[in-house]
Amino acid sequence: MARFTMKFGGTSVGSAEAIAQVVDIVGDHLGQGRQLAVVVSAMAGVTDMLLDSASAAASGRQDAYMEINATIAAMHLAVIDALIKSPSDRDAIRAEVNELLKGHRELCEAVSILGEATPRISDALVSFGERLSSRVIAAVMAAKGLSVRQVDSNDFIVTDNVFQNADPLWDETESRIVDGLLPELESGVTPIITGFIGATPDGILTTLGRGGSDFSAAIFAACLRSDELIIWTDVDGVMTADPRLDERARVLPYVSYQEIGELAFYGAKVLHPKTVQPIITRDIPLRVRNTFNPAHPGTMVGARAQASETVIKAVTGIRDVSMLTVSGPGMLGVPGIAGRTFLATAKAGASILMISQASSEQSFCFTVVDPLAQNVKEAVEAELRREILHNDIDSVDLLSDIVIITVVGAGMRGTPGIAGRVFSLLGERSINVLAIAQGSSECSISFIVAEDDLERAVGELHTLALETVENDRATGLASPY
Ligand code: ADP
Ligand code: ASP
Ligand code: MG
């Protein structure tokens, strides 16, 4: 019997109408005799509101967090009222929702007494979003006669203690899921699981990072040995560009694990960057589909490196990054400067999004997210203090108001001249490129331009991508179906 894991994102569970749609989709798959595990996000907007409630509480603004609590209450109660008819069923789920909301208020109160929301407390606070949505959705499904059980993922996903960006401890997680969830699934019960949340071995709540429900779903798909993972979202699939940036964006019928990894890492919000990690070694196909247009087949993600002759498949952009440049005449041939710089960056808590070195070896630059940039600059300057003092290194320059643009496509490997085409196009349009990096996988090229050039650069390169995607369509190469 086919076994699927599916995940519904925030917009997909964002209202009573959307949840009704989710119930139909799940019912439809169960009707086809499949075993299902369902992972759900918080209702759209709720995670942001919960984070706001944390800062409101930390600064003692009780009115603000109480208002947020009331808004979240109203959202969930409206779904219950719209979709659950039996008074006793309604009362039961209302009581559960109210109990959780009381927990949220109490935690906010504790934060306001402490005067700060540590990452650990913040994780506990945002966890209410998924804990609420999963319960309401499970109750709606049960009321519609589906055999479901609400499941808290913190009982199964065991993580390290990196709050707000935790990683699973695989062996423990897998054995808990196999022992605790698989038998139930095999007996025909569909677990409705909280996305986003895990817990340390001591049971302290953690989260997998913003957008992390995709990753949760992939973890369950891998451990349950699913035949397919479906990420249900609010667009028809993975597209040639962010449809919010360029309305010409088209759905890609097929992308490889590697391509989607690059796309997600470089800013395509449609999937969390870690989503493919758990499924890639097990070769579990992933499909991205639209909850609001279930007739569309969506995008298939799989192992084949290249299902098409498309060279550039998609273009992405990341805002809110800064570029740091380390340069100086004394760097030539001095080993270890890059290593020390990157170590200092890591110690300042930042991960590096892109690195580029000029061939002269007299400078290199790298990018980090804006909020950490100043700290990183200071940490690197402290690390290289001696070299700066001796004028071997001039300075560590910080440039904000820049963006990283990435073009992705496995067909670039072994297709000479792509980088040349990309950069001459940008040159012709007078878009100044500040730094370039090509991933070692050769399936992406990233470069930095001024923030003001973002839309123009994405637009120009997107035109290039659309041309080749169209060629594929014409030759029938793009279709995996
Ligand atoms: P969910 O709540 O379902 O997880 P997200 O908002 O996290 O949904 O991700 C879906 C959104 O990602 C889309 O609405 C779209 O605006 C955005 N997006 C950015 N880049 C792309 C892309 N290349 N293809 C598809 N969607 C993209
Ligand atoms: N609710 C979480 C977020 O908004 C996780 C997710 O939706 O994937 O980041
Ligand atoms: Mg998402």
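Each remark here, short or long, concerns the structure printed above.
Criteria and cut-off values
Residues numbered from 1 in each chain as written. Chains lettered and ligands numbered in written order. Predicted model: local features only at pLDDT ≥ 70, side-chain atom pairs only at ≥ 80, totals over all residues. Heavy atoms only, no water. Phe/Tyr/Trp six-rings, centres within 6.5 Å; stacked < 30°, edge-to-face > 60°. Helix = DSSP H or I, 4+ residues; strand = E, 2+ residues; numbered from the N terminus. Buried < 20%, exposed > 50% of the residue type's maximum accessible area, 1.4 Å probe, protein only. Lys NZ or Arg CZ within 6 Å of the ring centre and 35° of its normal. Near = heavy atom within 4 Å. Polar contact = N/O pair within 3.5 Å; in protein donor to acceptor, adjacent residues only side chain to side chain. Areas by Shrake-Rupley, 256 points an atom, 1.4 Å probe, with all protein chains shown as cover. Nonpolar A, V, L, I, M, F, W, Y, C, P; charged D, E, K, R; others polar. Salt bridge = Lys/Arg side-chain N within 4 Å of Asp/Glu carboxyl O. Right-handed = clockwise from strand over helix to strand, strands pointing away. Contact = heavy atoms within 4.5 Å. Pairing = 2+ DSSP bridges. Axes fitted to C-alpha atoms, helices over the stretch in contact; angles between N-to-C directions.

K.L.:
Explanation requested: the packing of aromatic side chains in the structure shown.
P.N.:
Each aromatic ring pair is described using two quantities: the centre-to-centre distance and the angle formed by the ring planes. This structure, assessed with the given rule, holds 6 aromatic pairs. Note on Phe8 and Trp232: the rings are 5.9 Å apart at their centroids and 5 degrees apart in plane angle, and the pair reads as stacked. A residue pair is termed long-range when its members are at least 10 positions apart, and Phe8 in strand β1 (residues 3-8) and Trp232 in strand β7 (residues 228-233) qualify at 224 residues. Across the pair, exposure class does not vary: Phe8 and Trp232 are buried alike. Considering the side-chain rings of Phe342 and Phe364, the 5.6 Å spacing of their centres and the 65 degrees angle between planes classify their relative orientation as edge-to-face. Taken together, the residues Phe342 in helix α11 (residues 337-347) and Phe364 in strand β13 (residues 363-369) connect sequence positions 22 residues apart. Among the residues examined, Phe364 registers a relative accessible area of 4% and is labelled buried. One residue, Arg131, lies across the ring of Phe128, its end atom 4.5 Å from the ring centre.

K.L.:
How should I be thinking about the site of ligand 1 in this particular structure?
P.N.:
With respect to spatial proximity, 17 residues lie near ligand 1, and among them Thr233, Asp234, Met239, Arg244 and Lys269 are the closest. At 3.0 Å from an oxygen atom of ligand 1 is found a main-chain nitrogen or oxygen belonging to Gly10. At a separation of 3.4 Å, an oxygen atom of ligand 1 approaches a polar side-chain atom of Asp242. Here ligand 1 has 570 Å² of accessible area as a free molecule, and 91% of this is covered by the chains. For the shell around ligand 1, a count of residues per class yields 7 nonpolar, 5 polar and 5 charged.

K.L.:
Explain the pattern of salt bridges here, please?
P.N.:
Between side chains of opposite charge, a pair can form as their charged atoms come close. One pass over the full model with this rule turns up 23 salt bridges. Glu184 is the salt-bridge partner of Arg149, the closest N and O atoms lying 2.6 Å from each other. Linking Arg149 in strand β3 (residues 148-151) with Glu184 in helix α7 (residues 182-186), this pair joins segments that are 35 residues apart in sequence. For Arg149, a relative accessible area of 36% corresponds to the partly exposed category.

K.L.:
Which parts of the structure should I look at to understand the site of ligand 2?
P.N.:
Neighbouring residues of ligand 2: Ser41, Thr47, Glu130, Phe196, Arg210, Gly211, Gly212 and Ser213. Here an oxygen atom of ligand 2 and a side-chain polar atom of Arg210 are 2.7 Å apart. Backbone polar atom of Gly211 to an oxygen atom of ligand 2: 2.8 Å apart, as the coordinates give it. Relative to its unbound accessible surface of 260 Å², ligand 2 loses 86% to contact with the protein. Split by residue class, the shell around ligand 2 holds 1 nonpolar, 5 polar and 2 charged.

K.L.:
Just checking my understanding: could you explain the pairing of β1 for this structure?
P.N.:
Consecutive residues of a regular strand have side chains that alternate between opposite faces of the sheet. With 6 of its 6 residues buried, β1 lies for the most part within the structure. Tracing the backbone out of β1, into helix α1 (residues 16-31) and back to the parallel element strand β2 (residues 35-40) gives a crossover that is right-handed.

K.L.:
Hey, could you run me through the side chain of Ser122 in this one?
P.N.:
Mapped onto the elements, Ser122 comes out in helix α5 (residues 119-143). Look at Ser122 and you get buried, because its relative accessible area is 6%. The residues contacting Ser122, other than those within four sequence positions of it, are Leu51 and Gln164.

K.L.:
Help me understand the sheet that holds strand β4 (residues 190-194) in this model?
P.N.:
Strands belonging to one sheet form pairs held by backbone hydrogen bonds; the direction of such a pair is parallel or antiparallel. Across the sheet, which stays open at both edges, the 8 strands sit in the order β3-β4-β2-β1-β7-β9-β10-β8 with mixed pairing between neighbours. Of all the strands in the sheet, the pair left with one neighbour each is β3 and β8 (254-256). Strand after strand, the sheet turns through a mean of 20 degrees between neighbouring axes, direction not considered. Pairing geometry for β3 and β4, over 4 bridges, is parallel. Residue pairing in the sheet places Arg149 in a bridge with Pro191 of β4. Sheet strands in contact with α5 are β2, β3 and β4, and its direction is about 160 degrees off that of β4. Against the sheet, helix α9 (residues 257-265) makes contact with β8 and β10 (299-302), and its axis sits at roughly 85 degrees relative to β8, the strand it touches most.

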